Amino acid sequence: MNLFLTVTILYITRLCPALCGVYSISCTLRGDPWLPALFKDGDFIIGGAFTIHHYLKTENPTYTRRPQPLECTGSMDTRELRIARALQFAIEEINNSSDVLPGIALGYQIYDSCASVPMAIKVAFQLTNGFDRVYNDTGSCAKSAASAAVIGESGSTPSISMSRIFGRFGYPQVSHSSTCACLSDKRQYPTFFRTIPSDHHQAAALARMVKHFGWMWIGAVRSDSDYGNNGMASFLKAAEEEGICVEYSEAYYRTQPLTKLKRVADVIRRSTARVIVAFMASGDMKILLEELRQQPPPPLQWIGSETWVTDPGMLRFNLCIGAVGFGIQRSVIPGFRDFLLDLSPEEVLKSPLLTEFWESSFSCTLKQQTGSSSGLPACDGTQDLRELRIPYTDTSQLRITNLVYKATYAIAHAIHAIVCNGMQCDKNITIEPKQVFEQLKKVNFTKNNNHVSFDINGDPVATYELVNWQLQKDGSIDFITVGHYDAAQPKGQEFSLSGAIVWNDGGEKVPVSVCSESCPPGTRKAVQKGRPVCCYDCIPCADGEISNETDSLGCHTCHPEFWPNKEKNKCLPKPVEFLSWDEILGIILSAFSIAGSLVALSMALVFYRNRASPIVKANNSELSFLLLFSLTLCFLCSLTFIGRPTEWSCMLRHTAFGITFVLCISCVLGKTLVVLMAFKATLPGSNVMKWFGPVQQRMSVLGFTLVQVLICVLWLTISPPFPFNNMQHYKEKVILECSLGSTVGFWAVLGYIGLLALLCFVLAFLARKLPDNFNEAKFITFSMLIFCAVWITFVPAYVSSPGKFTVAVEIFAILASSFGLIICIFAPKCFIIVFRPEQNTKKHLMGKVQSKSP
């Protein structure tokens, strides 16, 4: 930086001695005189710098002779010539106007910077010096007026170089096309203004548009210049904030080696992104598209920056059909087309630049002799600019051109504020560039429905048109405005669509460009290791979790009483499971329960109708009827285990089961004791039966049963059973069951039943060989054996059975043990009563005893 400033000061001291006060009378011109491409004298001069050519002629230094002056080369950009001539037109219009600077004649000096930093610096010195325009044969130079302000440059990189010089000396610079956001930094570029919005806004607009259309996986290319690098940096930052992923970001500049161009093109061809954002200057974009056209990639949706996406010269590339991008608003400048076309050969010959334009456009030479070195025929005077179809004559898309027009009027208004008092202007007033700079900050006017003003950074209000490249019926491509972006609108409302967009495939369906397809509800995104966040796998939600939105970052756990549906996008109430009346298992168990109770009642009826028969009398009819009654209750109590558990049913089922079974076992135990006592009583001198008569039998049954009643009362009082939603056995459903309340109470009930059953089994086993054809003890032994086997196997089955099957196991144990008792004890007797009445005699009953008597 210090070296650059030193060179700058040395240059100014050499070429501008009046500024330094070293020479007071004359100056010596260092180097060759350099005339502007277009110029006109005036009371005040406005400078201009435009990229009319895109290349700088280079030479290898020999260090033995003075280097040749810098010179632009390459084909002329006629669009840029039209843009430059907008400054001419605006000054002519102001000079003929009575509204701005009446009586004042503005002049201009327009230079071609050829998009080169060295040339741009030379132009900057030329415009700030105010020398070199008048040069005579004596070798002296006459001072001409320095520019009051400068319009330009077209590119950001040359503008940065020029602005560093202008800023040191307070010269205002108003650019029409330099969009680099870096130029808004007033510490580095204090005197820089522009009529085109900063790329900061364009980058935000592009990112917002990409997000709007759902393109989360894109490619990016840029010019390897201040314009491209800074613009792309702003875009990538905005894209990151919007959650957009960039597969690649490549840079290229037109002067770089061909190998670099081919590498960038190959990256684009191999890319999986179907949308590509190009933040490139028109010249760089043309070269890139030419390379891609040699081996076309898969169809791409191009998103362009304003520099190339509204350049008519780009429309010849069919690769970009359907391209969209933000461009400067299209405007109309009354009279401008006539001004452009009103060129005579005589006027053209006055300017080498216009002469080059004329000769290249019509392929003829304006020189009088036909044998010129160019080999072109002489122009015959019939050439007509109106017949040309070139960017110079196309005024249908006045975008950047209008910005030059606005910049010229802004400077004119600033000068007006200095030299005019109302409508009285004094052209003899000497103005300093710093005065123009201060007034430019204050300008605020409207011209041709276009408002002109600058914010504190020297930027205008950012407004864009969304432009779409659409194929017309005649096969041509045209710019169609399909939306707008206005940074002055509230956040979130800046971007709006106003027309249908035709995409790269010729349809209106938005193309898709994603690294990974969207994760549907019911899944979550899992970023692929080592890849951008837009590349992910869709992982189904785990059991008990859901995601109810697309591209969910995580799954949410359902409430304990809810469970996901099959798609795992909604939590549904868990199905409540219990042994119901209407399911097959419940119906079967109910049928067996009712059948068992009917069997018990039928046997009781048979016994009642044959109560006087020997077999009934011999088996203690009173205990038999009580046993049949208790068995009927046992069968029926199993029904309390079926159906939705309630507070009352939970308490009833266990207590009814416990009491009825103790009543049943007590009766069986009483019958067993009766058998034992009866045979003891047959022994000589035995008086046992008087101690275990009917009263004692009833009291024993009642006593045994009351113990169980007491256990159940204590259980219900301390911690009774209650309905409970069991969500432990199954994750996907709720088991509605009866919680035991007190497990001690439950196992005390079962333990007491087991104790009585074991006692009964032991006594019956001891009495099994007593002499009697109908010795009831052996049947009781078998029934107790079945009873104990059932309830011993019940314990592990009950503990291990899940859900409603726990209840089914308990019902099965009740029914199995009840059927075991009724079949073993009563079935043989009923068979004899009904089918073998000849055996239902006292003689037959006592037959076995007599046969064994000595």
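Novice: How should the confidence of the model for the chain be read in this particular structure?
Specialist: Where the model shows low pLDDT, its predicted coordinates should not be examined in detail. Across the chain, pLDDT averages 84, with 88% of residues at or above 70. Long-range and interchain partners of residues 131–140, a stretch whose pLDDT sits below 50, account for 26 contacts in this model, where long-range means more than four residues apart. Within the model, the stretch residues 848–854 combines pLDDT values under 50 with five contacts to residues more than four positions away or in other chains.

Novice: Which parts of the structure should I look at to understand the pattern of salt bridges?
Specialist: One side chain can pair with another of opposite charge once the charged atoms of both are near each other. Across all of its chains, the model carries 19 salt bridges by this definition. For Arg 187, the salt bridge goes to Asp 185, with nearest N and O atoms at 3.4 Å. Assessed through its relative accessible area of 78%, Arg 187 is described here as exposed. Among the charged side chains, a network of salt bridges with common partners joins Arg 208, Lys 211, Glu 242 and Glu 494.

Novice: Is there a simple way to explain a nonpolar patch on the surface in this structure?
Specialist: Together, Val 695, Met 699, Leu 702 and Leu 706 make up an exposed nonpolar region whose accessible area comes to about 390 Å². By the element assignment, Leu 706 lies in helix 20 (residues 694–718). By relative accessible area, which is 47% here, Leu 706 ends up partly exposed.

Novice: Is there a simple way to think about the packing of aromatic side chains in this case?
Specialist: Each aromatic ring pair is summarised here by two numbers: the centre-to-centre distance and the angle between the ring planes. Considering all chains together, one arrives at 28 aromatic pairs under this definition. With 4.5 Å between their ring centres and 45° between their planes, Phe 357 and Tyr 392 make a pair best called tilted. Taken together, the positions of Phe 357 in helix 13 (residues 352–362) and Tyr 392 in the loop between helix 13 and helix 14 (400–419) put the pair 35 residues apart, joining distant regions of the chain. Classification of Phe 357 by relative accessible area gives buried; the value is 0%. Using a relative accessible area of 0% as the deciding quantity, one classes Tyr 392 as buried. By way of ring pairs, the aromatic residues Phe 89, Phe 336, Phe 339, Tyr 405 and Tyr 409 are connected into one cluster. Lys 186 extends its terminal NZ or CZ atom over the ring of Phe 193, reaching a point 5.8 Å from the ring centre.

Novice: So what exactly am I meant to see when it comes to the sheet that holds strand 13 (residues 275–279) here?
Specialist: Backbone-to-backbone hydrogen bonds pair the strands of a sheet. The strands run either parallel or antiparallel. Strands sit in the order 12-11-13-14-15-20-21-22 across an open sheet of eight strands; the sheet is mixed. Each of the sheet's edge strands pairs with one partner strand only, and the pair in question is strand 12 (245–252) and strand 22 (495–497). In this sheet, neighbouring strand axes are inclined to one another by 25° on average, regardless of whether the strands run parallel or antiparallel. Relative to strand 12, strand 11 (residues 217–223) runs parallel, the two sharing seven bridges. Residue Gly 219 lies in a different strand from strand 12, and its bridge partner there is Tyr 248. Contacting strand 11, strand 12 and strand 13, helix 8 (residues 258–270) runs over the sheet at an angle of about 160° to strand 12.

Novice: Just to check I follow, could you spell out the sheet that holds strand 2 (residues 44–50) for this structure?
Specialist: If you walk across this open sheet you meet the six strands as 1-5-2-8-9-10, and the pairing is mixed. Both outer strands of the open sheet, strand 1 (38–40) and strand 10 (192–194), are each paired with one neighbouring strand and no more. This sheet shows a mean twist of 25° between the axes of neighbouring strands, independent of strand direction. Alignment of strand 8 (residues 147–151) against strand 9 (residues 173–175), held across two bridges, turns out to be parallel. Opposite Val 150, over in strand 9, you have Gln 173 as the bridge partner. Of the strands in this sheet, strand 2, strand 8, strand 9 and strand 10 touch helix 5 (residues 156–169), which is tilted by about 165° from strand 9. Running at roughly 50° to strand 8, helix 15 (residues 433–440) makes contact with strand 8, strand 9 and strand 10 of the sheet.

Novice: What is the right way to read the environment of Gly 42 from this model?
Specialist: Positionally, Gly 42 belongs in the loop between strand 1 and strand 2. What makes Gly 42 partly exposed here is its relative accessible area of 29%. Sequence spacing of Gly 42 and Ala 105 is 63 residues, and the spatial spacing of their C-alpha atoms is 5.1 Å. Once you skip the residues sitting within four places of it in the chain, Gly 42 turns out to touch Ala 105, Leu 106 and Gly 107.

Novice: Which parts of the structure should I look at to understand the environment of Glu 647?
Specialist: Relative to the elements of secondary structure, Glu 647 occurs in helix 19 (residues 647–681). Classification of Glu 647 by relative accessible area gives exposed; the value is 52%. Considering only alpha carbons, one finds Glu 647 and Pro 723, 76 residues apart in sequence, at a separation of 5.9 Å. Filtering out sequence-adjacent residues up to four positions away, Glu 647 remains in contact with Pro 721 and Pro 723.

Novice: Any chance you could explain unusual backbone geometry here in plain terms?
Specialist: Note on backbone geometry: most residues besides glycine have negative phi, and most peptide bonds are trans. A cis geometry characterises the amide bond from Gly 152 onward to Glu 153, with omega recorded as -5°. With respect to the secondary-structure elements, Glu 153 resides in the loop between strand 8 and helix 5.

Novice: For this particular structure, what's the right way to read the packing of helix 14 against helix 15?
Specialist: To characterise two packed helices, one gives the angle between the axes of the helices and the distance between these axes. Where helix 14 meets helix 15, the axes come as close as 8 Å, and the angle between the chain directions of the two elements is 110°. Between helix 14 and helix 15, the interaxial angle falls into the category roughly perpendicular. Between helix 14 and helix 15 the crossing geometry is right-handed. Judged by residue contacts, Ala 410, Ile 411, Ala 414, Ile 415, Ala 417 and Ile 418 of helix 14 engage Gln 435, Val 436, Gln 439 and Leu 440 from helix 15. Grouping the constituent residues of the contact of helix 14 with helix 15 by class yields eight nonpolar, two polar and no charged.

Novice: Help me understand the nonpolar core, please; the structure alone is not making it clear to me.
Specialist: In globular proteins that are soluble, nonpolar side chains generally tend to be buried together. Membership of the largest hydrophobic core comes to 100 residues, with the highest contact counts inside it found for Leu 101, Ile 415 and Leu 440. Here this core takes 13 residues from helix 14, the largest share from any one element. In contact with Ile 415, other than residues within four places in its own chain, are Phe 44, Leu 101, Leu 106, Ala 148, Ile 431 and Val 436. In terms of nonpolar packing, the next biggest core, distinct from the first, is built from 67 residues, Leu 663, Leu 676, Val 749 and Tyr 752 among them.

Novice: Please explain the state of the cysteines as it appears in this structure.
Specialist: Two cysteines, two sulfur atoms, one covalent bond between them: this is a disulfide. Applying the stated criterion to the full structure yields nine disulfides. Sulfur-sulfur distance for the disulfide between Cys 364 and Cys 379 comes to 1.8 Å. Taking the sign of the S-S torsion, 90° for the link of Cys 364 and Cys 379, the bridge is right-handed. Of the two residues, Cys 364 is situated in the loop between helix 13 and helix 14 and Cys 379 in the loop between helix 13 and helix 14; the sequence distance between them amounts to 15 residues. Looking at Cys 364, the relative accessible area reads 3%, which means it is buried. Covalently, Cys 650 is tied to Cys 738 through a disulfide, its sulfur atoms 1.9 Å apart. The sign of the S-S torsion, about -80°, decides the handedness of the disulfide formed by Cys 650 and Cys 738: left-handed. Here Cys 650 is found in helix 19, whereas its partner Cys 738 is found in strand 31 (residues 734–739), with 88 residues between them in sequence.

So, how was this worked out
Residues numbered from 1 in each chain as written. Predicted model: local features only at pLDDT ≥ 70, side-chain atom pairs only at ≥ 80, totals over all residues. Heavy atoms only, no water. pLDDT = per-residue confidence, 0-100. Contact = heavy atoms within 4.5 Å. Salt bridge = Lys/Arg side-chain N within 4 Å of Asp/Glu carboxyl O. Buried < 20%, exposed > 50% of the residue type's maximum accessible area, 1.4 Å probe, protein only. Patch = residues over 30% accessible without salt bridge, like charges linked within 9 Å, V, L, I, M, F, W, Y side chains within 5 Å. Areas by Shrake-Rupley, 256 points an atom, 1.4 Å probe, with all protein chains shown as cover. Helix = DSSP H or I, 4+ residues; strand = E, 2+ residues; numbered from the N terminus. Phe/Tyr/Trp six-rings, centres within 6.5 Å; stacked < 30°, edge-to-face > 60°. Lys NZ or Arg CZ within 6 Å of the ring centre and 35° of its normal. Pairing = 2+ DSSP bridges. Axes fitted to C-alpha atoms, helices over the stretch in contact; angles between N-to-C directions. Parallel < 35°, antiparallel > 145°, perpendicular 65-115°, else oblique. Left-handed = near helix turned anticlockwise from the far one by under 90°. Nonpolar A, V, L, I, M, F, W, Y, C, P; charged D, E, K, R; others polar. Core = buried A, V, L, I, M, F, W, Y, C linked by side-chain atoms within 4.5 Å. Disulfide = S-S within 2.5 Å.

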